[in-house]
Each structure stands twice: as C-alpha cells, then as structure tokens.
Amino acid sequence: MICIKCGKEIDNDSVFCTACGARIKEPDTLVLGEEKAPDFLSEESEPTMLLSDEELQDAFIDQYGGSDTSPQFGEPADESRDFFYNSDTAENTDDLMPFNEYRSPEPYSGNDFSAPKSFNDNSDTMPLDALMEEQGYIPEPPAPGPYNEPYNAPYDQPYNEPYSAPYDQPYNEPYNEPYGEPYPNIQEQPPVRPQQERRRKAPAPAKKTVKVGAGRIIGAVFVSIFALFFLLLFSLTLSVKLGLSGGIVRNNIAKLDDRTLLESEFDGNELSNTLFGSLGLRSATGGLATESSFRNYMLRTDFVNYIGRTAHSYLSYLVDGSGSDPSITAEDFVYDFVKANNKAAIEEWGYSMTDNEYGIMTQNLESDGFSDTMSIPQWSSSINFSLRNLKFLFSFLTIAVFLIITALLFIWIAVVVDGSGRHITGFFGSILNISGVVMMIVGGASVLGSALAYVFTHQTIFYILSHALMTFALIALCTGAAEVILGIIFKVVKKRLN
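Per-residue pLDDT for the protein chain has a mean of 77; in total, 64% of the residues score no lower than 70. Confidence, read as mean pLDDT per element, is least for strand E2 (residues 29-30) in the protein chain (48) and greatest for helix H16 (residues 396-416) (95). Predicted confidence for residues 27-37 stays below pLDDT 50, and this span has 16 contacts to residues more than four positions away or in other chains. The low-confidence segment residues 76-105 (pLDDT under 50) makes 55 contacts with residues lying over four places distant or belonging to another chain.

We now examine helix H4 (residues 246-253). Among the residues of H4, Gly246, Val249, Asn252 and Ile253 are the ones counted as buried. In an axial view of H4, the angular spread of the buried residues amounts to 130°, which keeps them on one side of the axis. Tucked into the core, H4 has its buried residues touching helix H3 (214-243), helix H9 (303-320), helix H18 (460-468) and helix H19 (470-497).

Among the residues making up helix H11 (residues 342-349), those that are buried are Asn342, Ala344, Ala345 and Trp349. Projected down its long axis, H11 carries its buried residues within an arc of 150°, all on one side. The secondary structure elements touched by the buried residues of H11 are helix H7 (281-284), helix H8 (291-300), helix H10 (330-338) and helix H12 (355-367). Looking one or two residues beyond H11, the residue adopting positive phi is glycine 350, at roughly 70°.

Moving on to the side chain of arginine 295. Secondary-structure assignment places arginine 295 in helix H8. Engagement of the side chain of arginine 295 in a polar contact is seen with the side chain of glutamate 270, the distance being 2.7 Å.

Now for the pattern of salt bridges. Evaluated as defined, the whole model comprises 6 salt bridges. Of the charged contacts, one joins glutamate 270 and arginine 295 as a salt bridge, the two residues approaching to 2.7 Å between their closest N and O atoms. Of this pair, glutamate 270 sits in strand E4 (residues 269-270) while arginine 295 sits in helix H8, and the two are 25 residues apart along the sequence. On the basis of relative accessibility, which here comes to 25%, the residue glutamate 270 falls in the partly exposed class. Residue arginine 300 pairs with glutamate 348 through a salt bridge whose shortest N-O separation is 3.1 Å. With arginine 300 in helix H8 and glutamate 348 in helix H11, the pair connects residues that are 48 residues apart, well separated along the chain. The class of glutamate 348 is partly exposed, set by a relative accessible area of 22%. Beyond isolated ion pairs, a larger network of salt bridges with shared partners links Arg300, Glu347 and Glu348.

Calculation criteria
Numbering of residues starts from 1 in every chain and runs along the sequence as written. For this predicted model, a pLDDT threshold of at least 70 governs which residues receive local features, and a threshold of 80 or more governs which side-chain atom pairs are given and counted, while totals over whole chains, interfaces and linings are taken from all residues. Remark: hydrogens and water are excluded; side-chain values derive from all non-hydrogen atoms of the structure. One confidence number per residue, pLDDT, is output by the predictor and ranges from 0 to 100. Working definition: helices are DSSP H or I runs of at least four residues, strands are E runs of at least two. Numbering for both runs from the N terminus. By the convention used here, residues are in contact when the closest approach between their heavy atoms is within 4.5 Å. With a 1.4 Å probe rolled over the protein chains alone, any residue whose accessible area is under 20% of its type maximum counts as buried; one over 50% counts as exposed, and the rest are partly exposed. Note that the arc is computed from the directions linking the helix axis to the C-beta atoms. Within 3.5 Å is the distance limit for a polar contact, defined as a pair of N or O atoms, with the added protein rule that one can donate a hydrogen and the other accept it, and that residues adjacent in sequence qualify only through two side-chain atoms. Salt-bridge detection follows one rule: a side-chain nitrogen of Lys or Arg within 4 Å of a carboxyl oxygen of Asp or Glu.

Dropping the structure here:
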C-alpha cells in the first residue's frame, strides 16, 4: 500500500511508515489494487499498547528533555529529534515504539553543542585544510606533470563548490565532478593510443629470373642426348635381365601349341616337312616314314619341351653367363631328341631305329648346315663380336653403372643451365618422355609385333618369339610407363615455374 503522508510504497502489514514514521491508520492508507485496505487484524486479536500516548510523551521528555509545550506524538515539528525503536530489545510487538514524524532541520550553525543534533549533522567536524593548518603541516606542491607549465592554483579553492542546499530540499541540479574543467593555460592533447602490434605478412620474395644463354642451351642438348642413350641402356638391360632369363623363357615356350608349331612355316615349308626332309627319314627308315606319319610322330615326342630346354641353355649362357657353350650340333640333336624319343617311333611305325640309321640322319643334318646354324661361335664370327661378352653387359653391376651414369648426366644438365629450374625440369621431362615412349614401343613390339608378324607371315620364329618374349615385353611396358609418368610430372612443374 501507499502512505498518504509521504507517498512511499510500504508493506501492507506495516503499522508505521518506514519512510516518515507516520502511524498507519485505516482512513489514511490506500491499498494498491483495491478500493479499501483489508483488515489484517480483527478486533479480538488487535494488539494494545502497554503505554498510552501521554505516558509515551512523558517517557520521551524524561529521556531526551523537553517541556509541556513540546509537540505531541503524531504531530510534525521542526525541532523534533529522530526517534527510532529497537526491535531487538522489544519483548513483543506492543513494546515497539513508533517513529516520530519529522522534517529534517535546517543546517546547524554556531558553537552551541548542547543543541539537539540529527544523525546526519556533521557541523562539529573540522575541515581538512583547517586541521592541517592547525597542526602546522604544509603540503608540498605537486610535481610538475608532462605539461609545459605547472598548475599553481591555491589548494583551498576547489574548482567546484560543494553542494550546500538544505537537506529538506530536493537536489535538482546536475553534479559537476571536481576538476571537471581543464587546467588554465593548458592545451588539450589528443590521447596517445598504444601502438597495436600487427604482424604484417612478409612480402613474397621476387622470383629470380635466371637467363640462360644459347651456348648453355646447346650444351645441355648434347648432354641430354647422352643421358637419353644411357637411360635407354639401363631400361633395356634391366628388362632383358629380368624378362629373358633362361627359366622364364623356358616356362613361356612350354605354353606353345605343338600342332600349331609344326604347321608354321620354316624355309618356305611347314616345320614338320622341313625337319622330315632335313633328317632324310624316308631313306633312313627304308620308306616306312612319310610326311604325314612324321607329323604324328612329332606329336608323340616332347618336341616343345626340347625347344624350351635348348632356349634355356642358350639364354643362361648369353644373359646370365652361366654354364659352358650350349651350341648343339647335328649329332646332339639326333641323339638327344630322335634317339631319346625312340618309343614314339615304335608307336608310330612299329620300328626301332638303330645306330646306323642315327648316323644317316646326322650326315643329312650336317649337309643341311644344321650345326652352323645353331653354333654360338659361328654367330659371333658373323657379327665380329663375341656373344660370350653379353654376360658382362647384362650383369647387375653393369646395369647399376648405367643408372649412375644417367644420374650424373642429369646433374650435369642442371649445372650447364646454371640451376634454372624451368630449363632443368624441361630437359628432364623430355629425356624421360622419349625414353619411356621408346621402351613402350619395344615392349609392345615384342608381343604384339611378333603376334601380328606371325598372323601375316605364319613364320615359326615369330610364333616362338610371341611366347618367349612375353615377360620381357611386360617389364619393358611397365618401365616405359613409369618413365613417361615421371616426364609428365617434370613438364607440369615446368609450367608452374613459367
């Protein structure tokens, strides 16, 4: 509810106003939100005061002084003293003493300390300046600041007078902070802002353009040719070493179809007819063997395995450098193949050949030049190069030397072009791309070329090579593809550097 004396909002169950101390009466109060305040206490339960108003007045005079003309309780007076009750020492609510209605007195002036005082009266307080002067304390002047002229205003004259309005008058003027105005003869300076540390991104260094003369470019081209040559040697020898070893070729030849092999052409005729004529088997068997029966005889033999064994011995000697000279003669062929497959002759012709017949076959093959055709020394003399030395070419040590030389030539290219990244990546990419393309062509020609050549020519040699070189072709294709990929990477880097 609201007190009608001072207009302050108080609790609905209050007996006295906590702001002005007025006694709350039924007609003098208004309850918020209602036309009439409800009765909190009935007549039976309403507490009664132990002392009447006159007795309270007498007790007040005895305690604080006064006369009969002192204002009565409940009436406002200018010289009345604030009167509070102590709720802690009261035995019950009836012992509580009400507030007096009072008005703040005028500010006290004078030295009569016997006059009544209010709780907010500080008239007996000595000012700080007077106290300092009485004790003989002379303050030191303030140290000059960062300004050009020190401030010399008297200390006892503040810039803003304190507010001295009567306590009962409302304060409506704005409050001015002390020293709110700038010092005289002082120029205002803009506030100094702390420097903000800002990490600036370091500018990217300018690309150093290396100019390479035409002479260096030409020199790098010549070095690149040698690097390409040794890179091709490395790739080819590695592919031969891994893909043309005796065991691998023997396994590939074992996949040949013996009938297709016998029907292929050799020296202008089918292979079976050529062998039949070279052996002179008709005369050796007294007319029992014919061309058609000889083909059936060859199908009963291990002719394909014999070719695989022969290829194994030749390649092991040339590529791996193992064993002695594997060259076969006419006598070797007759005794290692014909005589070893005598069982097939008995099954086909019902006739077991004798040593006399084997000798006739040997003479026929010798007259046909079989031994010279299968002789490795004869091959070496025809090309003026000892094929025995191929084992040094295809050794792993030589292959490693080719790789090292290639790497050194690559480094030499980088030195010739004066370390220019654009030219280095360009030359490296070109060398790798050319070598990779050549190796892919070699690998593709080894298998696809042999197969296509056999389709068009139907030659025995192409049919055998299409199977014997299968592993070598696969390794060559993989090596070439890897080099092409590396070359493309170098080309892409070159474009980024431009």
